[in-house]
Amino acid sequence: MSTPARTALRRTPLFECHEAAGAKLVGFAGWEMPVQYSGVRQEHLAVREDAGIFDVSHMGEIETSGPQTVMLLQRLLSNDVAKLAIDGAQYSVLCREDGGVLDDLFTYRLEADRYLTVTNASNHERDLAWFRTHATEFADVEVTDRIDDYAMLAVQGPRAREIVQTISEAPLPARMAAAPRRLSGAQLLVCGTGYTGEDGVELLCAPDDAPALWTELVRRGAKPAGLAARDTLRLEACFHLYGNDLMVERGPIEAGLGWCCKEDTDFIGADAVRAVRSAGPAEKLVAFAIEGPGIARQGNPVIGGGVVTSGTLSPCLGIGVGLAYVPAEHAAVGTRLEIDVRGKMRPAVVREKPLYRKD
């Protein structure tokens, strides 16, 4: 029997920039992406202390438009979309009827009846199909796949806004806001969101404009950072990663995302989410720190019940940290845990979220 050809990885418009910068490239969610450039720790600290720039063009975008768009999104998304102002940004989860999480998303309201929702790369096709299936219930909604129309750059860190502002013709939108802006002559959407625990912006631009924009921002001081630093940064901030900390087998209450679930909007899965909120979840996603040497990794069991979903060595704290689902009775801050790390028992303690705080 002949071996089937390996599926080719997609490349973002910034692929040649990454090659020129000496990035180590890996396959991720069907894309060939930079995992690191100079080193994970250096890139991580650059974002915490100065400014870093990430290529996140692998993320997907779905545009919804038309007079019944709010009705559709209110049905799909867990948050209250009706409260989202024009030029606003909102975080939510996409649920099945049983409350299982299909994805976590950011939605931007571009106009009165026009929205852009950013999906996780690995879930984009499934999310798009979910949107289109449920849009058939609404006559005046159009669902458009925009993944090929945008490249996406994330500039994050204490100096991120300062650097981007130097090439913007108008003030940048505030945190949790999004607005069209012209940067170095290119028209794009600037969003006051991010995934690092630092301030900054995410820039959605035409693919052809991405290389020049990247090059100019790097020239002005933003340090290229890869997926590995993005992961350590988000974990210090206790942000969820779909496929690790979020999944269809668990709901948003267990994951600590009840704050973005408004059951009275009757989103798909609202009844299941309401039931768990009322009864209390059997397990909860907690942040932990290892006491002593060792790093826990995804899949390591927690003694007495539970499992690690994400784990790393924190560059800022210098210790092993992570997220784990544990029985609700073991979820209080200060609770001591034992984690089986490849046959070695590692003591850990439940910590307050986020794990890293500048103050």
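Above: the structure in question.
These notes cover the structure that comes with them. Model, not experiment: these values are computed from the prediction.

1. Topic: the sheet that holds strand 7 (residues 114-119)
And then number 1: Overall, antiparallel pairing links the 5 strands, which are arranged 5-6-7-4-8 in an open sheet. Across the chains shown, the open sheet's two edge strands, defined by having one partner strand only, are strand 5 (89-95) and strand 8 (142-145). For this sheet, the mean inter-axis angle between neighbouring strands, taken without regard to orientation, is 30 degrees.
And then number 2: Relative to strand 7, strand 4 (residues 60-65) runs antiparallel, the two sharing 6 bridges. Residue glutamate 63 lies in a different strand from strand 7, and its bridge partner there is leucine 116.

2. Some thoughts on the nonpolar core
And then number 1: Residues Leu77, Tyr108, Phe131 and Val143 are the most contacted members of the largest nonpolar core, which totals 63 residues.
And then number 2: Looking at which element gives the most residues to this core, the answer is strand 6 (residues 101-111), with 6 residues.
And then number 3: When sequence neighbours within four positions are dropped, the list of residues in contact with tyrosine 108 reads Gly88, Ala89, Arg114, Tyr115, Leu116, Val118, Ala178, Cys191, Thr193 and Glu202.
And then number 4: Counting residues in hydrophobic clusters, the runner-up holds 26 residues, among them Leu14, Val155, Ile163 and Leu217.

3. Observations concerning the packing of aromatic side chains
And then number 1: For the structure shown, the criterion picks out 4 aromatic pairs.
And then number 2: The interplanar angle of 65 degrees and the centroid separation of 5.6 Å between the aromatic rings of tyrosine 91 and phenylalanine 106 together place this pair among those described as edge-to-face. Here tyrosine 91 is found in strand 5, whereas its partner phenylalanine 106 is found in strand 6, with 15 residues between them in sequence. One exposure class covers both tyrosine 91 and phenylalanine 106, and it is buried.
And then number 3: Ring geometry for tyrosine 91 and tryptophan 259: centres 5.6 Å apart, planes at 15 degrees, overall stacked. Within this pair, whereas tyrosine 91 is found in strand 5, its partner tryptophan 259 is found in the loop between helix 7 (227-236) and helix 8 (270-279), the two being separated by 168 residues in sequence.
And then number 4: Look at tyrosine 91 and you get buried, because its relative accessible area is 13%.
And then number 5: Here a set of aromatic residues connected by ring pairs shows up, and it is made of Tyr91, Phe106, Tyr108 and Trp259.

The rules behind each value
Chains are numbered independently. Their residues run from 1 in the order of the written sequence. Whole-chain, interface and lining totals are the exception, using all residues; otherwise, since this is a predicted model, local features are given only for residues with pLDDT of at least 70 and side-chain atom pairs are given and counted only at 80 or more. Working from all heavy atoms in the structure, the side-chain values ignore hydrogens and water. Pairing between strands requires that DSSP locate at least two bridges from one strand to the other. Helix numbering and strand numbering both begin at the N terminus, where a helix is a DSSP run of H or I of at least 4 residues and a strand a DSSP run of E of at least 2. All axes here are fitted lines through C-alpha atoms, helices being fitted over the stretch that makes contact, and every angle between N-to-C directions spans 0 to 180 degrees. What is meant by a nonpolar core is a set of buried Ala, Val, Leu, Ile, Met, Phe, Trp, Tyr and Cys residues, joined one to another through side-chain atoms within 4.5 Å. Classification of residues uses two cut-offs on accessible area relative to the type maximum, computed with a 1.4 Å probe and protein chains only: under 20% is buried, over 50% is exposed, and between them is partly exposed. In this analysis, two residues are considered to be in contact whenever any of their non-hydrogen atoms come within 4.5 Å of each other. Aromatic rings from Phe, Tyr and Trp, with only the six-membered ring used for Trp, were paired whenever their centres fell within 6.5 Å, and each pair was classed as stacked if the ring planes differed by under 30 degrees, edge-to-face if by over 60, and tilted otherwise.

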